[in-house]
Amino acid sequence: MQLICDIRNTSNPRETVIIMPNAFKKYLAAPLALLLIAGCDGVPKYEFDLTRLAADGSVYKGAGHFKDQPWSCVRDNKTGLTWEVKTDSAGLHAATNTYTWFNRDEKTNGGAEGKPNGGICTGSGCDTESFGAAVNSEHLCGYSDWRLPNKDELSSLIDATVRIPGPTLPVEFFPNTQNKKAGYWTTTVFHMHNGSAWTWRFDQGADMAALKDEPRYVRLVRGVAQSPTPKKNSGE
């Protein structure tokens, strides 16, 4: 069972948790029942500070209507990270592109490189390594250091006060986000099984481990966080 609020620490609206059936019994009490009924209404809404960027990396000057005046990236002014924005048309940044998790670097792949070219996509090879290389060759928003985010970095986009079915992120900045159970890949390997890695689902605002050879969505990031993003209680 997945909740978008952390019942152990609801003072932090960006804390999320996956509660498995056995663990759920531990928390089966009146406070939890009330939380399930009420949702996250009692949790203060997180205030994002985001800036849209044009394709050349300059500050976006449009009116904020993506279909007519699209932007290419979004900078999070709180974390310092810059994020890729997805499009609704076929191509390298198509929102519906999927990729398998693949990383040939033995120092960072947890001992299992994953599966190359196992997704369904346009514009690049359909795995995370190939996609990142293609975006860097493109110099998206003027940069060539795009990469797959780690689990904590991707969690910084989560607004846990948004109820299921989401999307649990600011859609006015991130249009075309896929609100499906496939989720978005992160670099973080699942420590109990190196053939799996962590994903974030934006329909529930929850993280989950998935097999690396399964096609999932990707949203790339660049930069170094100015301060550590909140840890999630996922059992990692």
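Our subject is the structure that appears above.
Residues numbered from 1 in each chain as written. Predicted model: local features only at pLDDT ≥ 70, side-chain atom pairs only at ≥ 80, totals over all residues. Heavy atoms only, no water.

## Brief notes about the nonpolar core
Test applied: Residues belong to a common nonpolar core when they are buried Ala, Val, Leu, Ile, Met, Phe, Trp, Tyr or Cys residues joined through side-chain atoms within 4.5 Å. Burial classes: relative accessible area under 20% of the type maximum marks a residue as buried, over 50% as exposed, and values in between as partly exposed (1.4 Å probe, protein chains only).
Counting residues in hydrophobic clusters, the biggest one holds 20 residues, and the most contacted among them are Trp71, Val74, Trp83, Leu154, Leu157, Phe174 and Phe202. By size, the runner-up hydrophobic cluster in this structure holds 19 residues, among which are Leu53, Tyr99, Val135 and Leu140.

## Remarks on the sheet that holds strand E5 (residues 82-84)
The line we're drawing: Pairing between strands is defined by DSSP: at least two bridges between them are needed. Strands are runs of DSSP state E lasting at least two residues, helices are runs of H or I lasting at least four, and both sets are numbered from the N terminus onward.
What the four strands build is an open sheet, ordered E3-E4-E5-E9; its pairing is antiparallel. With partners counted over all chains shown, the strands left at the sheet margins are strand E3 (50-53) and strand E9 (221-222), one partner each. In this sheet, E9 lies alongside E5 in antiparallel orientation, the contact comprising two bridges. The residue bridging Trp83 from the neighbouring strand is Val221, located in E9.

## Quick word on the environment of Lys181
Relative to the assigned elements, Lys181 resides in the loop between helix H4 (151-155) and strand E6 (184-189). Residue Lys181 is classed as exposed on the basis of its relative accessible area of 63%. Residues Lys181 and Arg216, spaced 35 residues apart in sequence, show a C-alpha to C-alpha distance of 9.3 Å.

## So, the sheet that holds strand E7 (residues 196-201)
The cut-off we apply is this: Angles run from 0 to 180 degrees between N-to-C directions of axes, and those axes are lines fitted to C-alpha atoms, restricted for helices to the stretch in contact.
If you walk across this open sheet you meet the three strands as E6-E7-E8, and the pairing is antiparallel. Two strands lie at the open edges of the sheet, namely E6 and strand E8 (206-211), each paired on one side alone. Going from strand to strand, the sheet's axes swing by 40 degrees on average, the running direction of each strand aside. Bridging between E6 and E7 involves three bridges; their strand directions are antiparallel. By the bridge assignment for E7, Tyr184 is matched with Trp200.

## A short note on the state of the cysteines
Where we set the bar: Here, two cysteine sulfur atoms that lie within 2.5 Å of each other are counted as a disulfide.
Applying the stated criterion across every chain, the model contains two disulfides. Here Cys73 is linked by a disulfide to Cys141, with a sulfur-sulfur distance of 2.1 Å. Because the sign of the S-S torsion sets the handedness, a value of about 110 degrees for the bond joining Cys73 and Cys141 places this disulfide among the right-handed ones. Taken together, the residues Cys73 in strand E4 (residues 73-76) and Cys141 in the loop between helix H3 (128-138) and H4 connect sequence positions 68 residues apart. Like Cys141, Cys73 is buried. Covalent S-S linkage joins Cys121 and Cys126, the inter-sulfur distance amounting to 2.0 Å. Its S-S torsion of approximately -100 degrees makes the covalent link between Cys121 and Cys126 left-handed. Taking the relative accessible area as the measure of exposure, Cys121 reaches 18% and is therefore buried.

## Points about the layout of surface pockets
As a reminder of what qualifies: A cavity here means a set of points on a 1 Å grid, drawn over the protein atoms and nothing else, where a 1.4 Å probe fits but cannot get out; a pocket is an open set with protein on both sides within 12 Å along at least five of seven lines, and a residue lines either one if it has an atom within 4 Å of a point. Grid points are joined across faces, edges and corners, and a volume is the space filled by probe spheres set on the points. Classes in brief: Ala, Val, Leu, Ile, Met, Phe, Trp, Tyr, Cys and Pro nonpolar; Asp, Glu, Lys and Arg charged; the others, Gly included, polar.
When its volume is computed, the second largest pocket comes out at roughly 230 Å³. It is H3 that contributes the most residues to the lining of the second largest pocket, four residues altogether. For the lining of the second largest pocket, the per-class residue count stands at six nonpolar, five polar and two charged.

## Notes on the environment of Ile158
Its place among the elements puts Ile158 in the loop between H4 and E6. A relative accessible area of 0% places Ile158 in the buried class. Between the C-alpha atom of Ile158 and that of Trp200, which follows or precedes it by 42 residues, the distance is 9.0 Å.

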